[in-house]
Amino acid sequence: MDMSPKEPAPDKASAATDPASGLGFRQKLAARTAHLPANTIGALWILLAAFLFSIMVTLIKFLGQDLSVFQILVVRQVVMLAIVAPKILSSLPHSLVTKRPGLQLTRILFATTAMLCGFTAVIELPLADATAISFSKTFFITIFAIWLLGETVGVHRWGATIVGFLGVLLMLRPDGETLIDPYALLAIASAACAGMVMIVVRILTRTDPPVTILTYQAFGVGLIMLIPAILTWQAPTLEQWGLLILIGIISWAGQLSNIKAFKSGEATAIASLDYTRLLYATIFGAVIFGHWPRLETLAGAIVVIAASLYTVHREAKRGRELARAADGRGYSN
């Protein structure tokens, strides 16, 4: 019989930190990416965010065939609120103290409208169309920044904005008919409201901490959606419940990835990768819903993306950051 002394079993605490015995997932990820440039890490995060947001809108479009957009929105907010609840509760009552209550309410209203219009457009339009039109948010940010922030915009940025809106006009006929599709107008309204949210958040961060902005938005949007959700409620199946909860989880993960992206890398270096959402939307739309993008959509998207990238480039050249917030992009407001 072997009577040699046995090695003591490693305790769980040391196993969690010992590189040879098994790091936690976050520690392993940090260790493997520590040697990468900051912009590369940011690029990886924003690519993940783009993929997650594309999955999110695909699930919303799928469920929207049977459930109301109000119902989808309220369950999404409840799930996201449950995930961030520990952070919000740990900051009480300070997370409720705001110096700009009127501006907080303004952000909630615009964020709610952006999501309501955007998700309705996603449900009713081909995914590629809805996604491409949403990129026009950059140009609305330019207009609102002049109006509300007093920014001075030169001829180059004005030119990019005008060209970008011409690209949007190319996409406003999803059925190839003379009349503009009303759901395309909803997509534009969503982009405009999302652009306003960016500006309002930029103003709010001058006086209120991020956790306060998060708290008001998390509760406010859910409360606004609650009554219409109850009035249009349809009992989801077990499968639909699973997908509804998954939408909330993916939405939270997408926002977190987006925030990490802009914390890690420079916005001007990684922002263009967000346009991979159009590629995902095209693939998911074709494979799952049988919707192929029209030539007008692709042409308009190319114009919008090119104008957006030029706008970001000009702002970087002038040493200014385009008014935007990492946690308010796409349909994640």
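The numbers attached to residues start from 1 for each chain and follow its sequence in the written order. Local features are withheld for residues below a pLDDT of 70 in this predicted model, meaning they are given only at 70 or higher, and side-chain atom pairs are given and counted only at 80 or more; totals for whole chains, interfaces and linings count all residues. Remark: hydrogens and water are excluded; side-chain values derive from all non-hydrogen atoms of the structure.

Details of unusual backbone geometry
So, step 1. The omega torsion of the bond from Leu-92 to Pro-93 falls at -5 degrees, within 30 degrees of zero and hence cis.
So, step 2. Only runs of H or I of at least four residues qualify as helices and only runs of E of at least two qualify as strands under DSSP, and these elements are numbered from the N terminus. Inspection of the secondary structure assignment puts Pro-93 in the loop between helix H4 (69–90) and helix H5 (101–124).

Some points on the packing of helix H3 (residues 38–63) against helix H11 (residues 238–264)
So, step 1. Contact pair H3 / H11: the axes reach a minimum separation of 8 Å and the direction vectors enclose 155 degrees. The orientation of H3 relative to H11 falls into the category roughly antiparallel. Here H3 and H11 pass one another in a crossing that is left-handed.
So, step 2. Only Asp, Glu, Lys and Arg are considered charged in this grouping, and only Ala, Val, Leu, Ile, Met, Phe, Trp, Tyr, Cys and Pro are considered nonpolar; every other residue, Gly among them, is considered polar. Partitioning the contact of H3 with H11 into residue classes produces 22 nonpolar, nine polar and one charged. Note on geometry: axes are C-alpha line fits, over the in-contact stretch for helices, and angles between N-to-C directions span 0 to 180 degrees. Oblique is the label for any angle not under 35 degrees, not over 145, and not in the 65 to 115 range, which are roughly parallel, roughly antiparallel and roughly perpendicular in turn. With the far helix as reference, a near helix turned anticlockwise by less than a right angle produces a left-handed crossing, and one turned clockwise produces a right-handed crossing.

Thoughts on the confidence of the model for the chain
So, step 1. Confidence of the predictor at the level of single residues is given by pLDDT, which spans 0 to 100. Looking at the chain as a whole, the pLDDT averages 81, with 80% of positions reaching at least 70.
So, step 2. Confidence, read as mean pLDDT per element, is least for helix H1 (residues 12–17) in the chain (44) and greatest for H5 (94).
So, step 3. For this analysis, residues touch if any pair of their heavy atoms sits within 4.5 Å. Counting contacts from residues 1–22, a segment whose pLDDT is below 50, to residues more than four positions away or on other chains yields 10 contacts.
So, step 4. Every residue in residues 323–333 scores below 50 in pLDDT, and together they form 50 contacts with partners more than four places removed in sequence or on other chains.

Quick notes on the pattern of salt bridges
So, step 1. The term salt bridge refers to a pairing of a side-chain nitrogen on Lys or Arg with a carboxyl oxygen on Asp or Glu at a separation within 4 Å. Scanning all chains against the criterion turns up three salt bridges.
So, step 2. For Asp-274, the salt bridge is made with Arg-277, and the minimal N-O distance between the two is 3.2 Å.
So, step 3. When a residue's accessible area, from a 1.4 Å probe over protein chains only, is under 20% of the maximum for its type it is buried; when over 50% it is exposed; and in between it is partly exposed. A relative accessible area of 8% places Asp-274 in the buried class.
So, step 4. Exposure remark for Arg-277: the relative accessible area of 7% places this residue in the buried category.
So, step 5. When the shortest N-O distance is used, the salt bridge between Glu-296 and Arg-294 registers 3.1 Å.
So, step 6. Given the relative accessible area of 35%, Glu-296 is considered partly exposed.
So, step 7. Judged by its relative accessible area of 16%, Arg-294 falls in the buried class.
So, step 8. Linked by salt bridges that have partners in common, Asp-129, Arg-294 and Glu-296 make up one network.

What about the packing of aromatic side chains?
The geometry of an aromatic ring pair is captured by the separation of the ring centres together with the interplanar angle, meaning the angle of the planes.
So, step 1. Between rings of Phe, Tyr and Trp, where Trp is taken as its six-membered ring, a pair exists when centres lie within 6.5 Å; planes separated by under 30 degrees are stacked, by over 60 edge-to-face, and by other angles tilted. Considering all chains together, one arrives at nine aromatic pairs under this definition.
So, step 2. Centroid distance Phe-140 to Phe-165: 5.1 Å. Interplanar angle 80 degrees. Geometry classified as edge-to-face. Here Phe-140, found in helix H7 (residues 137–148), pairs with Phe-165, found in helix H8 (residues 155–170); they are 25 residues apart in sequence, far enough to count as distant.
So, step 3. Accessibility expressed as a relative area gives 13% for Phe-140, which makes it buried.
So, step 4. Since its relative accessible area comes to 23%, Phe-165 is described here as partly exposed.
So, step 5. Residues Tyr-280 and Phe-284 carry aromatic rings whose centres are separated by 6.4 Å and whose planes lie at 15 degrees to one another, so their mutual orientation is stacked. Of this pair, Tyr-280 and Phe-284 both sit in helix H13 (residues 276–289), four residues apart, which is roughly one turn of the helix.

What to know about the state of the cysteines
So, step 1. The disulfide criterion used throughout: a pair of cysteine sulfur atoms within 2.5 Å. The tally for this structure, following the rule as stated, stands at zero disulfides.
So, step 2. You can see Cys-117 has no disulfide; the closest cysteine sulfur is in Cys-193, sitting 5.9 Å from it.

Considerations on a nonpolar patch on the surface
So, step 1. On the surface, a cluster of nonpolar side chains totalling about 660 Å² of accessible area is made up of Phe-219, Leu-223, Leu-226, Ile-227, Ile-230 and Leu-231.
So, step 2. Positionally, Phe-219 belongs in helix H10 (residues 210–231). For patch detection, residues must exceed 30% relative accessible area and be free of salt bridges, and they are connected within 9 Å for like charges or within 5 Å for nonpolar side chains (Val, Leu, Ile, Met, Phe, Trp, Tyr). For every accessible area listed, the method is Shrake-Rupley and the probe measures 1.4 Å; residues are considered covered only by the protein chains on display.

Things to note about helix H6 (residues 127–134)
So, step 1. Along H6, eight of the eight residues are buried, which leaves the element largely enclosed by surrounding structure.
So, step 2. For H6, the set of buried residues is Leu-127, Ala-128, Asp-129, Ala-130, Thr-131, Ala-132, Ile-133 and Ser-134.

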